[in-house]
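# Coordinate analysis (summary)
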Amino acid sequence: MNVLIVDDEPLARERLSRMVGELEGYSVLEPSATNGEEALALIDSHKPDIVLLDIRMPGLDGLQVAAKLCERESPPAVVFCTTRDDFPPEVLQAGAVGYLVKPVASEALLEALRKAERPNRVQLAALTRPAAESGSGPRSHISARTRKGIELIPLNQVVYFIADHKYVTLRHESGEVLLDEPLKALEDEFGERFVRIHRNALVARERIERLQRTPLGHFQLFLKGLNGDALIVSRRHVAGVRKMMQQL
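Note that the structure is predicted; figures quoted are calculated from it, not measured.

What follows deals with the pairing of strand E8 (residues 158–164). In terms of strand pairing, E8 meets strand E9 (residues 167–172) through 6 bridges, oriented antiparallel. Directly across from phenylalanine 161, in E9, lies its bridge partner leucine 170. Here E8 folds back onto E9, and the loop between the two strands holds 2 residues, one of which, histidine 165, carries a positive phi near 60°. Here E8 pairs with strand E12 (residues 201–204) via 3 bridges, running antiparallel. Paired with isoleucine 162 across the two strands is alanine 201, which belongs to E12.

Time to look at the packing of aromatic side chains. Tallied over the entire structure, the rule returns 2 aromatic pairs. On the numbers, 5.1 Å between centres and 50° between planes, the contact of phenylalanine 161 with phenylalanine 194 is tilted. Highlighted residues: phenylalanine 161 in strand E8 and phenylalanine 194 in strand E11 (residues 194–198), separated in sequence by 33 residues. Taken together, Phe161, Phe190 and Phe194 form an aromatic cluster joined through their ring pairs. Here arginine 210 stacks its cationic end above the ring of phenylalanine 222, 3.9 Å away from the centre of that ring.

Contact geometry of helix H2 (residues 36–46) with helix H3 (residues 62–70) gives a least axis separation of 9 Å together with a crossing angle of 30°. One way to sum up the angle between H2 and H3 is to call them roughly parallel. The chirality of how H2 crosses H3 is right-handed. In contact with Gly36, Leu40 and Ile43 of H2, H3 contributes Val65, Lys68 and Leu69. Grouping the amino acids of the contact of H2 with H3 by side-chain chemistry returns 4 nonpolar, 1 polar and 1 charged.

Further remarks concern the UniProt feature "modified residue: 4-aspartylphosphate" (unreviewed entry) in the protein. Annotation from UniProt places "modified residue: 4-aspartylphosphate" (unreviewed entry) at Asp54. Take aspartate 54: it is sitting in strand E3 (residues 50–54). Setting aside anything within four residues of it in sequence, one finds aspartate 54 in contact with Val6, Asp7, Asp8, Gly62, Cys81 and Lys102.

Applying the stated rule across the entire model yields 7 salt bridges. Here lysine 102 ties to aspartate 7 by a salt bridge, and the two come within 2.9 Å at their closest N and O atoms. Taken together, the residues span a long stretch of sequence, with lysine 102 in the loop between strand E5 (98–101) and helix H5 (106–115) and aspartate 7 in the loop between strand E1 (2–6) and helix H1 (10–21) at a distance of 95 residues. Given the relative accessible area of 24%, lysine 102 is considered partly exposed. Among the residues examined, aspartate 7 registers a relative accessible area of 0% and is labelled buried. Through salt bridges with shared partners, a single network forms among Asp7, Asp54 and Lys102.

Conventions used here
Residues numbered from 1 in each chain as written. Predicted model: local features only at pLDDT ≥ 70, side-chain atom pairs only at ≥ 80, totals over all residues. Heavy atoms only, no water. Pairing = 2+ DSSP bridges. Helix = DSSP H or I, 4+ residues; strand = E, 2+ residues; numbered from the N terminus. Phe/Tyr/Trp six-rings, centres within 6.5 Å; stacked < 30°, edge-to-face > 60°. Lys NZ or Arg CZ within 6 Å of the ring centre and 35° of its normal. Axes fitted to C-alpha atoms, helices over the stretch in contact; angles between N-to-C directions. Parallel < 35°, antiparallel > 145°, perpendicular 65-115°, else oblique. Left-handed = near helix turned anticlockwise from the far one by under 90°. Contact = heavy atoms within 4.5 Å. Nonpolar A, V, L, I, M, F, W, Y, C, P; charged D, E, K, R; others polar. UniProt positions renumbered as here; feature names shortened; annotations may be inferred. Salt bridge = Lys/Arg side-chain N within 4 Å of Asp/Glu carboxyl O. Buried < 20%, exposed > 50% of the residue type's maximum accessible area, 1.4 Å probe, protein only.

Right under this line is the structure:
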C-alpha cells in the first residue's frame, strides 16, 4: 500500500516516514506534502492508497483537503493526524474517519493503516452529515461548508439557530455560517441545550440573559454574546421561555 504523508512540520514528516517505512506491506511516496495544495497535486499524480493528513496546516488545512477529496470519484483512504488540543478525538470518531493523535505511536499507526480502505468517500462525507443520519448521539461540534472549506463550530460556542427558507443561520461567538439542516432536526438532536423561542428560532439556554417586554407589547430575549442585540419571542413561546428561565 502506498502512503502519502502530509504535514507542514519537517520533523513530523520525517518521523512518520520512518515509522511507515518500517512496516511490512507499506511504502512511503516521495516527496511528502507540506500543505494542502501540494497534497491535492500529489494525490492526483501519485494516486496513493492512503493519506496521512495533518489537520492544522497553513493555507488549505486537512479538513478542507478532505472536503475536496470527498467530491472525487475514487479518493484515497484518509487518516487524520491531530493533537488533543487541536481537535477532540470524539469529533473524528463521530465522523467515522481514521485518526491518529500526535505524537503517533507505532501500534496506533499500524492499526490505523490496516483499517484504512478505499474508496472511503462515504467516510469523508460523514464529516458534513448530521449525526442523526449516522446513528450517533448529539454532536459536540456543528460542521458547515463555507468559502474556507469545512468549518467545525464547537456546540458550546453556538448562540442561536434561525431558519430562513431552506437554510438555517448558525450564529456563534465569532460570526455566522449557513447550514442545510432542518431546524426541527437540530431541535431533536440538541433539545436539552437549546430552547425554541419562535417557529424559526432556537437559542442556547446557557446564553439567555433576560426577557423584556417592549412598549408595543412584544417580547425580546437578550442573549450573552450578541452585544446588546435581542431576538423576538413569539407569544406562544413566552410562557415556556419564562418557565425555563426560572429553572436556570
